Amino acid sequence: MELTLNEKKLLVALEAVGSADAATLAEKMDARREAVVQYANLAGDRGLVDVEKHVSRRYVPTEEGRAYVGKGLPERQVLESFDETIPMRDLQAHPLAKIAIGWMRKKGWIAINGGIVQKTGNVVPGPDEAAFARVGESGSIEDGEGVLDLLRRGLVAEEETATYTVSITPRGREILVEGLDLQEEVGTLTRDQILSGAKDLPLRRYDVSKLPKRVYPGKIHPYQRLIDEMRRVLLDMGFTEMAGGIVQSSFWNFDALFQPQDHPAREMQDTFFLGERWPLPKGFEHVRDMHEHGGGTSSTGWGGTWSAAKAEQCVLRTHTTSLSIQHLATHPEPPVRAFCIGRVYRREAIDPTHLAEFEQLEGIVMDEDVNFRHLLGFLKEFYAKMGFEKVRFRPGYFPYTEPSVEPEVYVDGLGWVELGGAGIFRQEVTAPFGVEHPVLAWGLGISRVAMLRLGLRDLRQLYRSDVEWIRETPTYGGRR
């Protein structure tokens, strides 16, 4: 068996003691500890030594935590700054009040009535305070009761320490008995050695079949990579990108898209409504008339009385279609070919296939004489560029398009999977803004595509800080 010089030195260092930690071996071999661990792992692969890894975790105060060491947690400091009662206004003047008041209420230390803060008497130190006191005394602590609470609050940080114990095996002792040549090996040829043509150098042997240590370079998150890929595809197809704020008035989010004001989607249980109100845009009367009686079109509208107050109320946008109609309102003449990739918000119960916020892709095409066949062609081309070769369409219904379709793609092992919705904007949507030509529109949830491309079963994986998953996910995005 051909050994490297470093493997030989390692065996010699272990000959007398039989077992030692990597730090001790590093001193004997006059090498770095990390290098000794590498030599030991290589020798371990040959069965010459056993390497045992021991991991210990300790928790040390963060920058914020260090500010409280010796003084106590913020809630304790604020609690001890007043007697039995204090006006809330005076308490809020304390520099730690923003942090402390919530924690004092959560721990049941105070009650607030009529703007007066009163101590409850139940102010016994909890496990988190005991753990924080130990941190202040020793500078670090091991895991225990109360530590997790401090970690969640960002008051301590976890430090992981790994130690290695290396032990010689019977096979390693056999090698020692046979004798070792500790002549220094040459791993890198110098210029003089090459010019002199030296042929008797003890060259280090290399095992070309041995895999090197894995290196993890920085790379873009798989989900962001997929979003960037979609953006490139649409830009290559001649589209321009549009953007807008996540806060929209109900006028643009619902009314401008001919969604009736009593539609279920506009209820509190489905939409995040905000306290802000925005003034209606110039020309809103055309949308109002369209809702009430169809305006100047053949439509009869929804009837009833349209409420301007309801249209002024702001929401977190439930779709990016609100940006599409605003883009058309400012670009009523053809040609228009635009798309948007943005986050939308809905009051969904969170589970493996539903989230309260997710990314949506929206696209529109407006031009003279475009029709339903053009829409299907755009969709087939886009999905083909995303790696889905089999695409089919089935009739669908959406409040602001007619006709409407739901594209489906074929995925091995899953069959046909629905990937969004599409259609031609109804006249009730386009007429109030002076758009006289057909508008092809489609949208899809990007997270659904991500699940298929990345082979996920849980949407939440896309938003977790899972470094191992990011490292192992191929840079090409998985399924192509």
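That block above? That's the structure.
Only a predicted model underlies this, so the values are computations on that prediction, with no experimental measurement involved.

Rules behind the numbers
Residues numbered from 1 in each chain as written. Predicted model: local features only at pLDDT ≥ 70, side-chain atom pairs only at ≥ 80, totals over all residues. Heavy atoms only, no water. Pairing = 2+ DSSP bridges. Helix = DSSP H or I, 4+ residues; strand = E, 2+ residues; numbered from the N terminus. Axes fitted to C-alpha atoms, helices over the stretch in contact; angles between N-to-C directions. Parallel < 35°, antiparallel > 145°, perpendicular 65-115°, else oblique. Contact = heavy atoms within 4.5 Å. Nonpolar A, V, L, I, M, F, W, Y, C, P; charged D, E, K, R; others polar. Buried < 20%, exposed > 50% of the residue type's maximum accessible area, 1.4 Å probe, protein only. Polar contact = N/O pair within 3.5 Å; in protein donor to acceptor, adjacent residues only side chain to side chain. Patch = residues over 30% accessible without salt bridge, like charges linked within 9 Å, V, L, I, M, F, W, Y side chains within 5 Å. Areas by Shrake-Rupley, 256 points an atom, 1.4 Å probe, with all protein chains shown as cover. Salt bridge = Lys/Arg side-chain N within 4 Å of Asp/Glu carboxyl O.

A. Quick look at the sheet that holds strand β3 (residues 85-87). An order of β3-β5-β4 is seen for the 3 strands of this open sheet, with the pairing classed as antiparallel. The two strands at the open ends of the sheet, each matched to only one other strand, are β3 and β4 (110-113). For this sheet, the mean inter-axis angle between neighbouring strands, taken without regard to orientation, is 25°. Relative to strand β5 (residues 116-119), β4 is paired through 4 bridges, and the arrangement is antiparallel. Bridge pairing in β5 places N113 opposite I116.

B. Structural context of the packing of helix α1 (residues 5-15) against helix α2 (residues 22-29). Two elements in contact, α1 and α2, have axes separated by 10 Å at closest approach and are oriented at 110°. The angle between α1 and α2 falls in the class roughly perpendicular. Taking contact as the criterion, the partners of N6, K9, L10, A13 and L14 in α1 are, on α2, L25, K28 and M29. Considering only residue class, the contact of α1 with α2 consists of 5 nonpolar, 1 polar and 2 charged.

C. Up close: the side chain of E408. Looking at the element boundaries, E408 is found in strand β14 (residues 401-411). Its relative accessible area of 7% is what places E408 among the buried residues. A polar contact of 2.7 Å, which involves the side chain of E408, links it to the side chain of R392. Reaching out from E408, the side chain makes a polar contact with the side chain of R394 at a distance of 2.5 Å.

D. Highlighting a nonpolar patch on the surface. On the surface, L189, I194 and L203 cluster together into a nonpolar patch covering about 310 Å² of accessible area. Relative to the helices and strands, L203 resides in the loop between α11 (191-196) and α12 (222-236).

E. Examining the sheet that holds strand β9 (residues 273-277) more closely. The sheet built from 3 strands is open, its strands ordered β8-β10-β9 with antiparallel pairing. Each edge of the open sheet is held by one strand with a lone partner, namely β8 (247-249) and β9. Each strand of the sheet is rotated relative to its neighbour by a mean of 40°, with strand direction disregarded. With 2 bridges joining them, β9 and strand β10 (residues 313-316) adopt antiparallel strand pairing. Of the residues in β10, the one forming a bridge with R277 is Q313.

F. Layout of the pairing of strand β11 (residues 336-345). Among the 10 residues of β11, 8 are classified as buried, and the element is accordingly described as predominantly covered. Sheet topology places strand β7 (residues 240-241) next to β11; 2 bridges connect them, and they run parallel. Paired with E241 across the two strands is F339, which belongs to β11. Sheet topology note: the β11/strand β12 (residues 357-366) ladder contains 10 bridges and is antiparallel. Residue pairing in the sheet places G342 in a bridge with Q360 of β12.

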